Amino acid sequence: MAAGTRTPRLTFFHPTLSRHSNCLLADRGTDFWGRNDRERVSMDDATRRQVMAAATIGAAAATVASPAAAQTGAPGPSRGGKQDPRRKYPKPPFKPQSQPWPGLASKMDPRPDHGETSYVGSGRLRGRKALITGGDSGMGRAAAIAFAREGADVAINYLPEEEPDAREVVDLIRKAGQKAVAIPGDIRTVGFCRQLVDKAVAGLGGLDILVCNAARQQSIPSILDITDDEFDRTMKTNIYAPFWIIRAALPHLDPGSAIIGTTSEQAYNPDPDLYAYAQTKAATMNYVKSLAKQLGPKGIRVNGVAPGPIWTPLQVSGGASQGKLVTFGGTAPLGRPGQPAELAGIFVRLAEDDGSYTTGNIYGAGGGQGQP
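Residues numbered from 1 in each chain as written. Predicted model: local features only at pLDDT ≥ 70, side-chain atom pairs only at ≥ 80, totals over all residues. Heavy atoms only, no water.

### Observations concerning the pairing of strand β5 (residues 180-184)
Within a regular beta strand, the side chains point alternately toward one face of the sheet and then the other, so they alternate between its two faces. Under the convention used in this document: By definition, two strands form a pair when at least two bridges between them are found by DSSP. The helix count covers DSSP runs of H or I at least four residues long, the strand count covers runs of E at least two residues long, and both are numbered beginning at the N terminus. Here a crossover is taken to be right-handed if, once the strands point away from the viewer, the path from the first strand over the helix to the second is traced clockwise.
Direction of pairing for strand β4 (residues 153-158) relative to β5: parallel, over a ladder of five bridges. Counted as the bridge partner of A155 is V181 from β5. The handedness of the β4 to β5 crossover, carried by helix α3 (residues 163-175), is right-handed.

Put into structure tokens, the structure is as follows:
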């Protein structure tokens, strides 16, 4: 550099840092360019790199700490370290138990883990608005808890018989500092599905995440024993309802919105006693892939979650035979059923903006069996 030439210097403003050492940074509240009587920082290239690195670390720490601090629910264990997945949760044999449909998680033994005391958010869904069907228990409940702790307002749909479980979810959402909207009702009619979307939009002030999770599953050994009514109930709940709900929700979904359908390993490897249920899960997988192609040009992503054997009220309310229930999940390579909490992060991943190139995909969580 020629003698007498001044070393290039950078004027840098950061809206979140305060005075530190010999650096004067912009006060909180100024814009990126430091308008409104900003203070300036002049530094050489080496100092600039140090400050920018510190700013990045500080901003990241604030992003992680703030949502967690806002949660008033019971704190879970700190993340990090490792756990043996074989021993993380209960293994069969399980106690024989039965409940009338649709069953309650609060009455199961052992009680499922939906992340009530373990899920810690980091602001990944801040400002989002989600509607989840079947949000009282199982994977819908796990998603509702996770979404709320990630900063989303959440509406849940459930059957009136599931009110005790739903009240717990509403309380957990509110303890996370988020808005909770409870909408009980049977999704087997087009009229209610329209009302469901309207109430969710009105209660949340919009909608940009839709999770079609509710399902009916009954273990029936022979097709000869499946009544027309049972077949119709399964089809209306598992296939018609998502169609009606998605159709009603689409006018409210802007670019950047996400739709998530809960499918199953049964879509790929159906059990003989789940003839009706399994074919609906194959249909779910198919509509996910079809809608992803249809809605991609509109900026709306569509994905699916395909769980394996998960410990939910479906199993104790007719979804599994008593013989299968006692040994439920035992054939998985991990030797146990999964818990709803173990899928919460998948739902978050498919809803958040960081997954913006993920659409038309099915995410599995089968404990080592099933597909994909």
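Now that the structure has been shown, the text picks up again.
### Notes on the packing of aromatic side chains
This is how it is decided: Stacked, edge-to-face and tilted labels apply to pairs of Phe, Tyr and Trp rings (six-membered ring for Trp) whose centres lie within 6.5 Å, assigned for plane angles under 30 degrees, over 60, and everything in between, in that order. Note on exposure labels: buried denotes an accessible area under 20% of the residue type's maximum, exposed denotes more than 50%, and partly exposed covers the range between, all computed with a 1.4 Å probe on protein chains only.
Scanning all chains against the criterion turns up three aromatic pairs. Taking 4.4 Å as the distance between ring centres and 25 degrees as the angle between the ring planes, the aromatic pair formed by F94 and W311 counts as stacked. Of this pair, F94 sits in the loop between α1 (45-70) and β3 (129-133) while W311 sits in the loop between β8 (301-307) and α7 (313-319), placing them 217 residues apart in sequence. F94 sits in the buried class, given a relative accessible area of 6%. The buried category is assigned to W311, whose relative accessible area is 0%. Judged by centre distance (6.1 Å) and plane angle (45 degrees), the ring pair of W311 and F328 falls under tilted. Taken together, the positions of W311 in the loop between β8 and α7 and F328 in the loop between α8 (322-326) and α9 (344-351) put the pair 17 residues apart, joining distant regions of the chain. Each member of the pair, W311 as well as F328, carries the same accessibility label: buried. Site record: aromatic cluster; members linked through ring pairs are F94, W311 and F328.

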